[in-house]
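# Fold and geometry: a report
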Amino acid sequence: MNASTPSYQVEQHQTTRLNINFSHSLPDQFVDFDMSSPHELSDAVNQSTDRAAGILHMLADRFIGAIEDCRLSDGVMYHVIMAAIREIEDVNSIVNAFSDAAILKEIADVKQNEQNNQA
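Everything in this summary refers to the structure shown in the same document.

Conventions and cut-offs
Every residue gets a number counted from 1 within its own chain, in the order that chain's sequence is written. The model is predicted, so local features are restricted to residues of pLDDT at least 70 and side-chain atom pairs to those at 80 or more, both for listing and for counting; the totals for chains, interfaces and linings are taken over all residues. Working from all heavy atoms in the structure, the side-chain values ignore hydrogens and water. Counting from the N terminus, the helices are the DSSP runs of H or I reaching at least four residues and the strands are the DSSP runs of E reaching at least two. Relative accessibility thresholds used throughout: buried, under 20% of the residue-type maximum; exposed, over 50%; partly exposed, between the two (1.4 Å probe, protein chains only). In this analysis, two residues are considered to be in contact whenever any of their non-hydrogen atoms come within 4.5 Å of each other. Only the protein chains shown count as covering a residue, and every accessible area follows the Shrake-Rupley method with a 1.4 Å probe. Each helix should span, by expectation, one fewer than its residue count multiplied by 1.5 Å. A fitted line through C-alpha atoms represents every axis, and for helices the fit uses only the stretch in contact; the resulting angles, taken between N-to-C directions, go from 0 to 180 degrees. Every angle not falling under 35 degrees, over 145, or within 65 to 115 is termed oblique; those three ranges are roughly parallel, roughly antiparallel and roughly perpendicular. Crossing handedness is read from the near helix: turned anticlockwise from the far helix by less than a right angle, it gives a left-handed crossing, and turned clockwise, a right-handed one. A side-chain nitrogen of Lys or Arg and a carboxyl oxygen of Asp or Glu constitute a salt bridge if their distance falls within 4 Å. In plain words, nonpolar cores are sets of buried Ala, Val, Leu, Ile, Met, Phe, Trp, Tyr and Cys residues tied together by side-chain atoms within 4.5 Å. Patch members must show over 30% relative accessible area and no salt bridge, and they are joined within 9 Å when carrying like charges or within 5 Å when they are nonpolar side chains of Val, Leu, Ile, Met, Phe, Trp or Tyr.

### Things to note about the overall build of the chain
- Helices and strands together make up the secondary structure of the chain, namely 3 helices and 0 strands.
- Reading the chain from its N terminus to its C terminus gives the helix and strand order α-α-α.
- Going through the 119 residues of the chain one by one, you find that 17% of them count as buried.
- In the chain, 53% of the contacts between residues at least 6 apart in sequence involve partners at least 24 apart.
- As displayed, the chain has an accessible area near 9300 Å², and 56% of this comes from carbon and sulfur atoms.

### Here we look at helix α3 (residues 74-118)
- Between its first and last C-alpha, α3 extends 65 Å over 45 residues, near the 66 Å set by a 1.5 Å rise per residue.
- Every buried residue of α3 is accounted for by M77, V80, M82, A84, E87, V91, I94 and F98.
- Packing partners of the buried residues in α3 comprise α2 (38-63).

### Notes on the environment of N46
- You can see N46 is positioned in helix α2.
- N46 sits in the partly exposed class, given a relative accessible area of 39%.

### Focus on the packing of α2 against α3
- It is at 9 Å that the axes of α2 and α3 come closest, and there the two elements cross at 165°. With respect to each other, α2 and α3 are oriented roughly antiparallel. Seen from above, α2 lies across α3 with left-handed handedness.

### A short note on the pattern of salt bridges
- Per the counting criterion, the structure on display carries 3 salt bridges.
- Put simply, E89 and R86 hold a salt bridge, and the shortest N to O gap is 3.4 Å. Placement of the pair is E89 and R86 together in helix α3, with a separation of 3 residues, close to one helical turn.
- Owing to a relative accessible area of 42%, E89 belongs among the partly exposed residues under this scheme.

### A look at the nonpolar core
- If you look at the biggest cluster of nonpolar residues, it comprises 6 residues: L41, A44, V45, V91, I94 and F98.
- Listed by contribution, the elements that provide at least two residues to this core are α2 and α3.

### Some thoughts on a nonpolar patch on the surface
- A contiguous nonpolar patch, built from I103, L104 and I107 and spanning about 280 Å² of accessible area, is present on the exposed surface.
- Looking at the element boundaries, I107 is found in helix α3.
- In this structure I107 comes out as partly exposed when scored by relative accessible area, which is 42%.

### Focus on the environment of I85
- Along the chain, I85 turns up in helix α3.
- On the basis of relative accessibility, which here comes to 32%, the residue I85 falls in the partly exposed class.
- Along the sequence, I85 and A52 sit 33 residues apart, while their C-alpha atoms lie 7.6 Å from each other.

### A closer look at the side chain of S48
- As for its position among the elements, S48 is in helix α2.
- Those residues in contact with S48, other than ones at most four positions away along the chain, are E87, D90 and V91.

These figures come from the coordinates and say nothing about function on their own.
So, in structure tokens, the structure goes:
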């Protein structure tokens, strides 16, 4: 197929995937962490929940400020709340990835056992 035809361009668009690196969200020790380790899962989740809690504590402190000048604008409050939501969504993604890795490992183990039994 010619690279300039519209259908080829659509095919190319459908098969192209973005691989975004989110390693900046986790400290260096979690970039390549072992998805089968409950300890590392716990550390990764704690890191993200600590950030979310810190964000929300900062926001709560602004609501009880005695001076009117320390109140945040609606726009700033929205972005602070969204930052906390994103951290919570990160926790969900980390736990789901851990679960998926465990399932894939079980499938690989079953296939390996089947191959061993056939040999």
